[in-house]
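These are the residues of each chain, in order.
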Amino acid sequence: MEWLLIFEKCIWFGLAATGFAVLFNVPAKNLPTIYLMGAAGGITKVLTMHFGGNIVFGSLYGATVVGFLSIYFAHRRHSPPPVLAIPSVIPMIPGILAYKMIIGLIRLAADIDPATYSQTLSETVNYGLKVMFILMCLAGGVAIPMLITRKQSAKELKFKRRRNS
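Anyway, here's the lowdown on the structure attached to this text. (Residues numbered from 1 in each chain as written. Predicted model: local features only at pLDDT ≥ 70, side-chain atom pairs only at ≥ 80, totals over all residues. Heavy atoms only, no water.)

## Quick notes on a nonpolar patch on the surface
Quick note on the threshold: Patch definition: residues with relative accessible area over 30% and no salt bridge; like charges joined within 9 Å; nonpolar side chains (Val, Leu, Ile, Met, Phe, Trp, Tyr) joined within 5 Å. Accessible surface is estimated by sampling points in the Shrake-Rupley manner with a 1.4 Å probe; for residues, cover comes only from the protein chains shown. In the sections that follow, a salt bridge refers to a side-chain nitrogen of Lys or Arg positioned within 4 Å of a carboxyl oxygen of Asp or Glu. Starting at the N terminus, helices and strands are each numbered in turn, a helix being any DSSP run of H or I of at least four residues and a strand any DSSP run of E of at least two. Each residue's exposure class comes from its accessible area (1.4 Å probe, protein chains only) as a fraction of the maximum for that residue type: buried when under 20%, exposed when over 50%, partly exposed otherwise.
A contiguous nonpolar patch, built from Tyr117, Leu121, Val125, Leu129, Met132, Phe133 and Met136 and spanning about 610 Å² of accessible area, is present on the exposed surface. In this fold, Tyr117 is placed in helix H6 (residues 114–148). A relative accessible area of 37% means that Tyr117 is categorised as partly exposed.

## Quick look at the packing of helix H4 (residues 81–89) against H6
Two measures define how a pair of helices packs: the angle their axes make with one another and the distance between the axes. Basically, it comes down to this: With axes taken as lines fitted to C-alpha atoms, and helix axes fitted only over the stretch in contact, angles between N-to-C directions fall between 0 and 180 degrees. Under this scheme an angle from 65 to 115 degrees is roughly perpendicular, one under 35 degrees roughly parallel, and one over 145 degrees roughly antiparallel; angles in between are oblique. Left-handed is the label given to a crossing in which the near helix is rotated counterclockwise from the far helix by less than a right angle, and right-handed is the label when the rotation is clockwise. Throughout, a residue-residue contact means that at least one pair of heavy atoms, one from each residue, lies within 4.5 Å. Residue polarity is assigned by list, with Asp, Glu, Lys and Arg as charged and Ala, Val, Leu, Ile, Met, Phe, Trp, Tyr, Cys and Pro as nonpolar; anything else, Gly included, falls into the polar class.
The geometry of H4 relative to H6 is characterised by a closest axis approach of 11 Å and an angle of 155° between their N-to-C directions. Comparing their axes, H6 and H4 come out roughly antiparallel. In terms of crossing hand, the pair formed by H4 and H6 is right-handed. Note on element contacts: H6 touches H4 through Leu138, Val142 and Met146, opposite Pro81, Pro82, Ala85 and Val89. When grouped by side-chain class, the residues that make up the contact of H4 with H6 number 7 nonpolar, no polar and no charged.

## Thoughts on the environment of Ser70
Topologically, Ser70 is positioned in helix H3 (residues 55–77). In this view, Ser70 contacts Met37, Pro81, Leu84, Ala85 and Met146; residues no more than four positions away in its chain are not counted.

## Comments concerning the layout of surface pockets
As a reminder of what qualifies: A cavity here means a set of points on a 1 Å grid, drawn over the protein atoms and nothing else, where a 1.4 Å probe fits but cannot get out; a pocket is an open set with protein on both sides within 12 Å along at least five of seven lines, and a residue lines either one if it has an atom within 4 Å of a point. Grid points are joined across faces, edges and corners, and a volume is the space filled by probe spheres set on the points.
Considered as a void within the structure, the largest pocket measures approximately 250 Å³ in volume. As for the largest pocket, its lining consists of 10 residues, of which Ile71, His75, Met146, Thr149 and Arg150 are closest to the centre. Counting residues per element, the ones that place at least two in the lining of the largest pocket are H3 and H6. Ranked by the residues each element gives to the lining of the largest pocket, the list is headed by H3, at 3 residues.

## Let's talk about unusual backbone geometry
Phi is positive for Asn25, close to 60°, though the residue is something other than glycine. Topologically, Asn25 is positioned in the loop between helix H1 (2–23) and helix H2 (31–50). A relative accessible area of 67% means that Asn25 is categorised as exposed. A positive phi angle, near 55°, is found at His78, a position not held by glycine. Along the chain, the position of His78 falls in the loop between H3 and H4. Overall, the relative accessible area of 70% leaves His78 in the exposed class.

Laid out in structure tokens, this is it:
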């Protein structure tokens, strides 16, 4: 039963990624690929958390899987890797944590009992830091595979272009 719930999350990650791809006007030929990439990244995140990892590392691993898959499918689909990677990674953004952080900020701005102020502040900072680290891991997880698999730097490409002219 537990694995069935994990498989269901995989389906929802893929559908959410496809929805964002449609929202961003990604060509229709790339939608099945984005579905698979979103599902693969999401299931990597969920499995990491299921086996004892935290949400930050789960997000990093999921985004890295999406980053490497985007490079592979970019060559096969003749599309830039970010077109495939960005919609696939958006469903991993921690919306509930960001919501709890904002609610905490609103409570801190209101008149709050001094006895609960430090606890509310601690929870708000905790949620905010988690959101920040997860977003950094999502960006890094998508970008780093693209950077390490690039064969030439932009400077070398520019130098060769000038030399051939």
